[in-house]
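# Examining the three-dimensional arrangement
Single-letter residue listing:
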Amino acid sequence: MSETETTTLSADPGHDLRRSLGFRDLVVYGMLFVAPMAPVGVFGALDARSHGAVALVYVIATVAMAFTAFSYAQMVRVVPRAGSVYAYARVALGKEAGFIAGWMAMLDYLLIPAVAYLFSGIAMNALVPEVSRWVWTAVAVVVTTLLNLWGVRAAARVGFLVLAMEIVVLLVFVVSAVVVLARDGAERGWLSPLSGDGSQGAFALSAVIGAVSIAVLSYLGFDAIASFAEEVTGGSEKVARAVLFCLALAGVLFVAQTYLVTLLEPLSSAELAARPEAQGPAFYDAVDASVGTWLHDLVAVSKAIGAAFAALAGQAAAGRLLFAMGRDRRLPRALSRTDSGVPRVALLCAAVITLVAAVWAARRDDGMDHLVSVVDIGALTAFTLLHASVVAWFAVKRQKEGPEGLPQKGGGGRRAGGAVSWWRHVLLPVAGAAITVAVIVEASGAAQVVGAVWFVVGVAVLVGQRGRTGVGA
C-alpha cells in the first residue's frame, strides 16, 4: 500500500472496512450495476432519435464517459477512500464542496437501485402475474439486502454467478443474431448502425449527439467501483484499472449488441419515431421477429434477475457513501459503525430508503417515469465535481499536501504528487466536465427541477451543520 493510502484510512476501531476484494470482484460489482444488456430498454428510443445509428451513439457515449472514468482513475490513486467522489471533492475542493458532491451522488445511489428493483418486480410480475409487482419488488430488496449484510465478498461471489448468467444470455443472443443474419440477411444496410438507415433523410450528427445524451445513462454505475477502495487488496491502482476496464468492457458489449439488433430491426427508424409506443419493446420485438419467442423470454428472465443484482451493487455503493459521510460526521455518526468490517447500519439505512421508493413506485402506474426522471441529475452533478477535483488537486494544489492536509512522507512522488500534466490533469477533466454539463442541460425539465430542489436542501443541511458547534472539524 502506498504512503498516501496509509494516511487516508481510518484508525478508529469499529469504523474500518475489511479488505477482501480482488480485481475480478471490482469488475463484477461495476458490471452488475451497469448491466451487460443495459441498451435493451432504450434501444427503440435511441434508434428513433439517432436516425438508426445506435451503434455509433454507443461508440461516442463510451468515449464521452471515458473522460469521467479517467478522472476517477486519477483521484482514486490519491484519495483511496470509501465514498469516492465525496472523498475526492472533500480533499481537493474543500469540506463543503465534498458534502455537496456526496449529497448529489446520494440522489443517484439511492434511487438507481430503486429503479432496478422496480424493473425486476415488473419483469417477475409479467412472468407470474398472480403476485403483485410491488411484492416482487419488495422480495428483491430483501434478498439482495441480506446478501449485502452477509459481506461484500459473499455478495461478490453470488454476483459473479449472476453476471456470468447475463453474459451467457448475451452470447446466446449474439450467436443467434449472427446465424439469422448469415442465413436470411439484414433488414437494414450493413453499415446503417454506424451511418443511419436513411429513412429520416441524410446522416445528421446533431441527431446522434442528441441520442448520446440518453445513451450515457446506460453507463451509470461503473463509478461505484471506486466506492470499494478501502476494501480492495493490493492498493488503489487495482481500483483505477478496474474502473477503466469496466467502462471499456461495457462499451464493447453495448456496441456489439446494438449493432446486431439494429440489423434485425424490421421497422425503420422513421417508423419507430412515428410510433412511440413501439420504442420500448423494440429490442424484444426485433428478437421475436427474427429469432423467436424463446430468446425473448430468455432475455426477459435474465433482465429480471440481473436488475435485482444491479440494485445489489448500487445498494452496496450507497452504503459505502453513507458510511464515509457518517465517518466524517457529515451524516449521523451511527452510519459509520461496522460489524466484522461490514457497514451494516449504513446498508440497512440505504435499503430502507430504497425499499420505500421502489414499493411506492411499484404501486403507481407512472412510478417508473417518476423515478427515472430524477436519478441521473445527481450522478452527473457529482461527475462534474469529480472533474473539478482533478483540476483543483493536480493543477492548483499540485499535491504538495496529502489528503486531509497531512504532509506526504518523503516529499510526495508520482502517486502522491509530482509535476502536473496539463493534458491529463486539466484538458481531459475540463472536457469531461463540459460533457456532463451538456447532458444535464439536455435532461428533462422535471429532472432539473428535482435536482435543483435536492441541491437546495443539501445547501440548507450544510448551513445547519456549520451552525452547530464542532461540526465540520
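No experiment lies behind these values; they were computed from the predicted model shown.

### As for the overall build of the protein chain
Check the secondary structure of the protein chain and you find 18 helices and zero strands. Per-residue burial for the protein chain yields a buried fraction of 56% across its 473 residues. Entry remark: accessible area of the protein chain is about 17900 Å², with carbon and sulfur atoms responsible for 67%.

### Re helix α4 (residues 54-78)
Over its 25 residues, α4 runs 37 Å from end to end, which matches the ideal 36 Å to within 8%, given 1.5 Å per residue. Roughly 25 degrees is the biggest bend found in α4, and it falls at A66. Burial of α4 is extensive: 18 of the 25 residues sit out of reach of the surface.

### Side note on the environment of V162
The topology assignment puts V162 in helix α8 (residues 152-184). On the basis of relative accessible area, V162 is assigned to the buried category, the value being 9%. Considered as a pair, V162 and L32 are 130 residues apart in the sequence and their alpha carbons are 8.2 Å apart. Residues contacting V162, with those up to four places away along its chain left out, are L32, I305, G306 and F309.

### Here's the deal with the pattern of salt bridges
Summed over all chains, the structure comprises ten salt bridges. Residue E231 is joined to R320 by a salt bridge in which the shortest nitrogen-to-oxygen separation is 2.7 Å. Here the residue E231 occupies a position in the loop between α10 (205-215) and α11 (236-264), and R320 occupies one in helix α14 (residues 293-327), the gap between them amounting to 89 residues. Neither residue differs from the other here; E231 and R320 are each classed as buried. Because the salt bridges share partners, they merge into one network encompassing D47, R188 and D197.

### Here's the deal with the packing of α8 against α14
In the contact formed by α8 and α14, the axes pass within 10 Å of each other and the chain directions differ by 150 degrees. Taken together, the axes of α8 and α14 lie roughly antiparallel to each other. The handedness of the crossing between α8 and α14 comes out as left-handed. Along its contact with α8, which presents V152, A155, V158, G159, V162, M165, E166, V169, V172, F173 and S176, the element α14 presents W294, L295, L298, V299, S302, I305, G306, F309, L312 and R320. Across the contact of α8 with α14, the residue classes tally to 15 nonpolar, four polar and two charged.

### Focus: the environment of Q279
Within the fold, Q279 resides in the loop between α12 (269-274) and α13 (282-290). Note: C-alpha distance between Q279 and G44 (235 residues apart in sequence) is 4.0 Å. The residues touching Q279, leaving out its near neighbours within four places in the chain, are G44, A45, A48, L272 and A273.

### Describing the packing of aromatic side chains
Counting across every chain of the model gives 13 aromatic pairs. Here Y72 and Y88 contribute two aromatic rings whose centre-to-centre distance is 6.1 Å and whose plane-to-plane angle is 70 degrees, an arrangement assigned as edge-to-face. With Y72 in helix α4 and Y88 in helix α5 (residues 85-92), this pair connects stretches of sequence that are 16 residues apart. Assessed through its relative accessible area of 1%, Y72 is described here as buried. Residue classification places Y88 among the buried residues on the basis of a relative accessible area of 0%. Ring geometry for W103 and W454: centres 4.5 Å apart, planes at 15 degrees, overall stacked. Remark: W454 occurs in helix α18 (residues 445-466) and W103 occurs in helix α6 (residues 95-127); sequence separation between them is 351 residues.

### Re the packing of helix α7 (residues 133-150) against α14
Two elements in contact, α7 and α14, have axes whose closest approach is 9 Å; the angle formed by their N-to-C orientations is 50 degrees. The orientation of α7 relative to α14 falls into the category oblique. For the crossing formed where α7 meets α14, the hand is right-handed. Of the residues in α14, those touching α7 at A140, V141, T144, T145, L147 and N148 are A308, F309, L312, Q315 and A316. Here the contact of α7 with α14 is built from residues that sort into seven nonpolar, four polar and no charged.

### A short note on the confidence of the model for the protein chain
Mean pLDDT over the protein chain works out to 82, with 88% of the residues at or above the 70 mark. When pLDDT is averaged over each element of the protein chain, helix α9 (residues 192-195) comes out on top at 93 and helix α1 (residues 3-8) at the bottom at 37. Confidence over residues 1-11 falls short of pLDDT 50; this stretch has 29 contacts with residues more than four positions distant or in other chains. For residues 402-417, every residue scores under 50 in pLDDT, and the model assigns this stretch 34 contacts once sequence neighbours within four places are set aside.

### A few points about a nonpolar patch on the surface
A contiguous nonpolar surface patch, about 340 Å² in accessible area, is contributed by V59, V63, L191 and L194. Its location among the elements puts V59 in helix α4. We classify V59 as partly exposed; its relative accessible area is 35%.

### A few points about the nonpolar core
If you look at the biggest cluster of nonpolar residues, it comprises 143 residues, and the most contacted ones within it are Y29, M75, Y88, F173, Y219 and F222. In this structure Y219 touches V34, Y58, A61, T62, M65, L247, A250, G251 and F254, once residues within four positions along its chain are discounted.

### Details of the side chain of S218
One can find S218 in the loop between α10 and α11. In this structure, S218 is in contact with V34, A38, V42, Y58 and F254, ignoring residues within four places of it in sequence.

### Digging into the environment of S192
In this fold, S192 is placed in helix α9. For S192, a relative accessible area of 5% gives the class buried. When residues no more than four places from it in sequence are discounted, the contact partners of S192 are G52, A53, D197, T262 and L263. A polar side-chain atom of S192 sits 2.6 Å from the main-chain carbonyl oxygen of G189.

Each value, and the rule that gives it
Residues numbered from 1 in each chain as written. Predicted model: local features only at pLDDT ≥ 70, side-chain atom pairs only at ≥ 80, totals over all residues. Heavy atoms only, no water. Helix = DSSP H or I, 4+ residues; strand = E, 2+ residues; numbered from the N terminus. Buried < 20%, exposed > 50% of the residue type's maximum accessible area, 1.4 Å probe, protein only. Areas by Shrake-Rupley, 256 points an atom, 1.4 Å probe, with all protein chains shown as cover. Expected span 1.5 Å × (residues − 1). Bend = angle between axes of the 7 residues up to and from the residue. Contact = heavy atoms within 4.5 Å. Salt bridge = Lys/Arg side-chain N within 4 Å of Asp/Glu carboxyl O. Axes fitted to C-alpha atoms, helices over the stretch in contact; angles between N-to-C directions. Parallel < 35°, antiparallel > 145°, perpendicular 65-115°, else oblique. Left-handed = near helix turned anticlockwise from the far one by under 90°. Nonpolar A, V, L, I, M, F, W, Y, C, P; charged D, E, K, R; others polar. Phe/Tyr/Trp six-rings, centres within 6.5 Å; stacked < 30°, edge-to-face > 60°. pLDDT = per-residue confidence, 0-100. Patch = residues over 30% accessible without salt bridge, like charges linked within 9 Å, V, L, I, M, F, W, Y side chains within 5 Å. Core = buried A, V, L, I, M, F, W, Y, C linked by side-chain atoms within 4.5 Å. Polar contact = N/O pair within 3.5 Å; in protein donor to acceptor, adjacent residues only side chain to side chain.

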